[in-house]
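Reading the structure
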Amino acid sequence: MKQSEVTYNDRDYREETRQVWSDLGNNTDVLQDGPHTGVDLVSPHYNIEVAFTTIWHPYRTEWRLEQRKLKYWKTSKPCHYVLFNQEKTECVIWSNGQIREWIKEYPVEYRYCKGWNRRNSFFLIIPLSEGTKMKTCKKMEKKWVLTPPTDTY
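Residues numbered from 1 in each chain as written. Predicted model: local features only at pLDDT ≥ 70, side-chain atom pairs only at ≥ 80, totals over all residues. Heavy atoms only, no water.

Moving on, we get to the overall build of the chain. Of regular secondary structure, the chain possesses three helices and ten strands. Along the chain, helices and strands appear, N-terminal first, in the series α-α-β-β-β-β-β-β-α-β-β-β-β. Since a compact globule built from 153 residues should have a radius of gyration of about 15 Å, the 15 Å found for the chain is in line with a globular shape. Here the C-alpha coordinates of the chain stretch approximately 40 × 35 × 30 Å along the principal axes. Here the chain holds 153 residues, and 44% of them are scored as buried. Contacts in the chain between residues far apart in sequence, at least 24 positions, make up 61% of those at least 6 positions apart. For the chain, the accessible surface area stands at approximately 8800 Å², while carbon and sulfur atoms represent 50% of it. Taking the average location of the 24 positive side-chain charges in the chain and that of its 20 negative ones, the two points are 5 Å from each other. (Helix = DSSP H or I, 4+ residues; strand = E, 2+ residues; numbered from the N terminus. Rg over C-alpha atoms; globule rule 2.2 N^0.38 Å. Buried < 20%, exposed > 50% of the residue type's maximum accessible area, 1.4 Å probe, protein only. Contact = heavy atoms within 4.5 Å. Areas by Shrake-Rupley, 256 points an atom, 1.4 Å probe, with all protein chains shown as cover. Lys, Arg positive; Asp, Glu negative; His and termini not counted. Charge placed at Lys NZ, Arg CZ, Asp CG, Glu CD.)

Quick look at the sheet that holds strand β6 (residues 90-94) now. Whenever strands of a sheet pair, they do so through backbone hydrogen bonds, lying parallel or antiparallel. Across the sheet, which stays open at both edges, the seven strands sit in the order β1-β2-β3-β5-β6-β9-β10 with mixed pairing between neighbours. Edge positions in the sheet fall to β1 (32-33) and β10 (143-147), since each has one partner strand and no second. As defined by bridge partners, strand β2 (residues 41-42) adjoins strand β3 (residues 47-53) across two bridges and the pair is classed as antiparallel. Across the sheet, Leu41 pairs through a bridge with Ile48, a residue of β3. Seen against the sheet, helix α2 (residues 11-23) touches β1, β2, β3, β5 (79-85), β6, β9 (135-140) and β10 and runs at an angle of roughly 110° to β5. (Pairing = 2+ DSSP bridges. Axes fitted to C-alpha atoms, helices over the stretch in contact; angles between N-to-C directions.)

In this section: the nonpolar core. Core analysis: the biggest nonpolar cluster contains 19 residues, and Leu65, Tyr81, Leu83, Trp94 and Trp102 have the highest contact counts within it. Mapped by element, the contributors of at least two residues to this core are β4 (63-66), β5, β6, α3 (96-105) and β8 (122-126). Take this core: its biggest share by element is three residues, from β5. Setting aside anything within four residues of it in sequence, one finds Leu65 in contact with Leu70, Trp73, Tyr81, Trp94, Ile99, Phe123 and Leu124. Core analysis: the next-biggest nonpolar cluster, separate from the first, contains 15 residues, Trp21, Tyr46, Ile93 and Cys137 among them. (Core = buried A, V, L, I, M, F, W, Y, C linked by side-chain atoms within 4.5 Å.)

Attention now goes to the side chain of Lys69. Along the chain, Lys69 turns up in the loop between β4 and β5. Judged by relative accessible area, Lys69 falls into the buried class, the value being 7%. Looking at Lys69, its side chain comes within polar contact range of the side chain of Glu49, at 3.1 Å. What Lys69 contacts, discounting residues up to four positions off in sequence, is Glu49, Val50 and Ala51. (Polar contact = N/O pair within 3.5 Å; in protein donor to acceptor, adjacent residues only side chain to side chain.)

Attention shifts here to the packing of aromatic side chains. Across all of its chains, the model carries twelve aromatic pairs by this definition. Look at Phe84 and Trp144: their rings are 5.8 Å apart centre to centre, the planes differ by 70°, and that puts the pair in the edge-to-face class. Taken as a pair, Phe84 in strand β5 and Trp144 in strand β10 lie far apart in primary sequence, 60 residues in all. Taken as a pair, Phe84 and Trp144 share a single burial class, namely buried. Centroid distance Trp94 to Trp102: 5.4 Å. Interplanar angle 90°. Geometry classified as edge-to-face. With respect to burial, Trp94 and Trp102 carry one shared label: buried. Grouping aromatic residues by their ring pairs yields a cluster made of Trp56, Trp63, Tyr72, Trp73, Tyr81, Trp94 and Trp102. The aromatic ring of Phe123 is capped on one face by Arg64, whose charged end is 5.4 Å from the ring centroid. One Lys or Arg, Arg118, reaches over the ring of Tyr110 and ends 4.0 Å from the middle of that ring. (Phe/Tyr/Trp six-rings, centres within 6.5 Å; stacked < 30°, edge-to-face > 60°. Lys NZ or Arg CZ within 6 Å of the ring centre and 35° of its normal.)

Here is the structure:
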């Protein structure tokens, strides 16, 4: 995926995140679109960063969080991360506290990304073994449900 494809119109993924949040019981929080070039969804109490990946299990070798996005977890306001597969049929949710632990524990490393500028190709590298610390969801009959984490991640 080229870097220009990362700066995509993520409106569909934001809407799907709102649906995930609603289906999982968070019906009182209003998630507004974030500021331009900022975090994706904001509420009075927390923020949510939304993304998708072209590499889903069983082909994944690690989890990655772009270094440039780490600033969202260095503020006092909690920020969660929702990562979808391209089809928006599965997602993983990384909690704010867990990401803050990973930032302390795991390295930021360079990974080659075809079509990406080298300085933007640094990621927080999270091992697959950490998949058990993520919430996994699937869309079943137009509703998002929690599923047990699998070792295939």
